[in-house]
Amino acid sequence: MISFIDQDLYQIYEKIQTNTRLDFEDGLKLFKTPDLLGLGKLAHLAKEKLHGSKVYYVFNRHVNYSNVCINLCKFCAFGRPPGHKEAYELSIEEILQKLEESPGKIREIHVVGGLHPSLPYDYYLELLKAIKRKFPEAQIKAFTCVEIDHLAKISGKSIREVLLDLKEAGLSCLPGGGAEVFSERIRKKLCPEKITGRRWLEIARQAHELGIPSNATMLYGHLETQEERLEHLLALRELQDQTGGFLCFIPLPFLPQKSYLRGEIAPTTGFEDLRMIAVSRLMLDNIPHIKAYWVFMGIKLAQVALHFGADDLHGTVLEEKISEFSGAEENRALSRQEIERLIREAGFKPVERDALYQEISIS
Ligand code: V47
């Protein structure tokens, strides 16, 4: 018999048992309940219905091709203006060289960067083609909706044309970055130069319609309200009802330490991070996977999050620069053995996947 300290959670339990969709008011209750373990039980139930005892991970590698950015969002510690002494851009040869150093069989190559003002459109296409040539078995997850918009601007092409070019060059799916919080109020304050939330969703829609699935993120723990978090989740849920193209949702806890907002905003707590994972699992009933991104959450908390609705521990992650610049504590790679141990010790069955969440059977 399941039991809750917060009596309000029984009504939500009832809805989950009967596959009744949770609404905005339910979401607020979940954000406000002091019964974190009760919330975790609910989210775990929802996770188990979808995935049983499986927890996914991918053998992957990140490539941050350049940190030069013309947006310079206030929460970001990664971007540098053109000409800055810490600005960098990698040539295609340099990227291939880094990838070749990777141990093991890479299944996913995650490619993102800033909005570079002068790298030509061809660079992006040639980069994908070159990676695909060298690593035909790896899937390329590249360029957020924000970068896709930038590529459309620099090439004078439509979003659809850009996506088709990239697909032809080897793109498998889009990463979930750049969504931040869709609220216009927040975007005006934190990232006024960035595309709107509506545009982000429109680009994701077009990708899905062309058979390019994508992930979605939400950056939380800065100036946003609980209501704004819920509006973000519900906007994703609505689009997912129409396209079915989102693979995974990743709540990203804001790391203020090295951003323009350092000193103004305290980092999130473990309690808040677990709550965010659980609410995401419960509200996003149509997005199959919820990722506990250990690079930002910390390995130990990400492991605990597997009992709060997360079914995906991301990957082994070699070389991720956004976290390095942001001051994340977990700035290293995990081996396949380490990631599997984390999953097994939490009581789950590790399942290696590719970027599209297809299970890999190791022969
Ligand atoms: O869009 C930037 C966020 C995102 C900070 O799709 C910050 O599988 C916290 O999207 N504190 C990029 N967050 C990372 C991302 C991602 C990561 C892992 C997996 C996937 C996936 C996507 O990082 C940005 C922004 O929201 N970010 N600065 C910061 N200081």
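Coordinates for the structure precede this section.
Residues numbered from 1 in each chain as written. Predicted model: local features only at pLDDT ≥ 70, side-chain atom pairs only at ≥ 80, totals over all residues. Heavy atoms only, no water.

Asks: Any chance you could explain the packing of helix α5 (residues 121–134) against helix α7 (residues 159–169) here in plain terms?
Replies: A pair of packed helices can be characterised by two numbers: the angle between their axes and the separation between those axes. Orientation of α5 relative to α7, taken along the N-to-C sense of each, is 30°, at an axis distance of 8 Å. Taken together, the axes of α5 and α7 lie roughly parallel to each other. Here Y121, L125, L128, K129 and K132 of α5 come into contact with α7, specifically with E161, V162, D165, L166 and A169. Across the contact of α5 with α7, the residue classes tally to six nonpolar, no polar and four charged. (Axes fitted to C-alpha atoms, helices over the stretch in contact; angles between N-to-C directions. Helix = DSSP H or I, 4+ residues; strand = E, 2+ residues; numbered from the N terminus. Parallel < 35°, antiparallel > 145°, perpendicular 65-115°, else oblique. Contact = heavy atoms within 4.5 Å. Nonpolar A, V, L, I, M, F, W, Y, C, P; charged D, E, K, R; others polar.)

Asks: It is not clear to me how the packing of helix α1 (residues 8–17) against helix α2 (residues 24–32) should be interpreted in this structure. Could you clarify?
Replies: α2 packs onto α1 with a crossing angle of 130° between their chain directions and a minimal axis gap of 11 Å. By the criterion of interaxial angle, the relationship of α1 to α2 is oblique. As for the relative orientation of α1 and α2, their crossing is left-handed in sense. Across the interface between the two elements, D8, L9, Q11, I12 and K15 from α1 touch D26, K29 and L30 from α2. Broken down by class, the residue content of the contact of α1 with α2 amounts to three nonpolar, one polar and four charged. (Left-handed = near helix turned anticlockwise from the far one by under 90°.)

Asks: Just to check I follow, could you spell out the sheet that holds strand β5 (residues 171–173) for this structure?
Replies: Sheet strands associate in pairs through backbone hydrogen bonding, adopting either a parallel or an antiparallel arrangement. On the basis of which strands lie adjacent, the open sheet formed by four strands has the order β2-β3-β4-β5 and parallel pairing. Two strands lie at the open edges of the sheet, namely β2 (60–64) and β5, each paired on one side alone. For this sheet, the mean inter-axis angle between neighbouring strands, taken without regard to orientation, is 35°. The sheet contact formed by β2 and strand β3 (residues 108–112) spans five bridges and is parallel. Considered in β3, the bridge of R61 is made with I109. (Pairing = 2+ DSSP bridges.)

Asks: Please clarify how the environment of I92 should be interpreted in this entry.
Replies: Structurally, I92 can be placed in helix α4 (residues 92–100). Sequence-wise, I92 and Y65 are 27 residues apart; in three dimensions their C-alpha atoms are separated by 8.6 Å. Every residue in contact with I92, bar those within four places of it in the chain, is listed here: Y123, E126, L127 and A130.

Asks: Got a minute to help me understand the nonpolar core in this structure?
Replies: One recurring pattern in soluble globular proteins: nonpolar side chains tend to sit buried together. In terms of nonpolar packing, the biggest core is built from 122 residues, with L30, V111, I131, F143, W200 and L236 touching the most fellow members. In terms of residues, this core owes the most to one element, α5, which gives eight residues. If we ignore the near neighbours within four places in the chain, the residues touching L236 are F182, W200, L201, A216, F246, F249, L284 and I287. (Core = buried A, V, L, I, M, F, W, Y, C linked by side-chain atoms within 4.5 Å. Buried < 20%, exposed > 50% of the residue type's maximum accessible area, 1.4 Å probe, protein only.)

Asks: It is not clear to me how the site of the ligand should be interpreted in this structure. Could you clarify?
Replies: Lining the immediate environment of the ligand, one finds 23 residues, of which K141, G176, G178, E180 and K291 sit closest. Between K141 and the ligand, the recorded distance is 2.6 Å, taken from a side-chain N or O atom to an oxygen atom. The protein chains hide 95% of the 620 Å² of surface that the ligand would expose on its own. Mapped onto the shell around the ligand, the elements with two or more residues apiece are β6 (214–220), β7 (246–253) and α14 (321–326). For the shell around the ligand, the class distribution of residues is 12 nonpolar, eight polar and three charged. (Near = heavy atom within 4 Å. Polar contact = N/O pair within 3.5 Å; in protein donor to acceptor, adjacent residues only side chain to side chain. Areas by Shrake-Rupley, 256 points an atom, 1.4 Å probe, with all protein chains shown as cover.)

Asks: Please explain the pairing of β6 as it appears in this structure.
Replies: A regular strand carries its side chains on alternate faces of the sheet. Within β6, seven of the seven residues are buried, which leaves the element mostly enclosed by the surrounding structure. With burial as the criterion, each face of β6 is covered, one bearing S214, A216, M218 and Y220 and the other bearing N215, T217 and L219. In the sheet, β6 pairs with β7 via seven bridges, with the strands oriented parallel. Counterpart to A216 in the pairing with β7 is F249. In this fold, the crossover linking β6 to β7 by way of helix α10 (residues 226–243) has right-handed handedness. (Right-handed = clockwise from strand over helix to strand, strands pointing away.)

Asks: Just to check I follow, could you spell out α5 for this structure?
Replies: Here α5 spans 21 Å end to end across 14 residues, near enough to the 20 Å set by a 1.5 Å rise per residue. Of all the positions in α5, only Y121, Y123, Y124, L125, L127, L128, A130 and I131 are classed as buried. Against α4, β3, β4 (139–142), α6 (145–155), α7 and β5 lie the buried residues of α5. (Expected span 1.5 Å × (residues − 1).)

Asks: What is the right way to read unusual backbone geometry from this model?
Replies: Residues apart from glycine generally show negative phi values, whereas peptide bonds are mostly found in trans. Its identity is not glycine, yet F143 carries a phi of approximately 65°, on the positive side. Topologically, F143 is positioned in the loop between β4 and α6. Judged by relative accessible area, F143 falls into the buried class, the value being 0%. Backbone geometry places E180, a non-glycine residue, at a positive phi of 50°.

Asks: Help me out: how do you make sense of the sheet that holds strand β1 (residues 54–58) in this one?
Replies: Pairing in this open sheet of three strands is parallel, and the strands run β9-β1-β10 from one edge to the other. Each edge of the sheet is formed by a strand with only one pairing partner; in this case those strands are β9 (312–315) and β10 (349–353). Taken over all neighbouring pairs, the strand axes of this sheet differ in orientation by 25° on average, direction set aside. Two strands pair when backbone bridges link them, and β1 and β10 are joined in this way by five bridges, in the parallel orientation. Each residue of the ladder has a partner; that of Y56, found in β10, is V351.

By themselves, these are just geometric observations and shouldn't be taken as functional.
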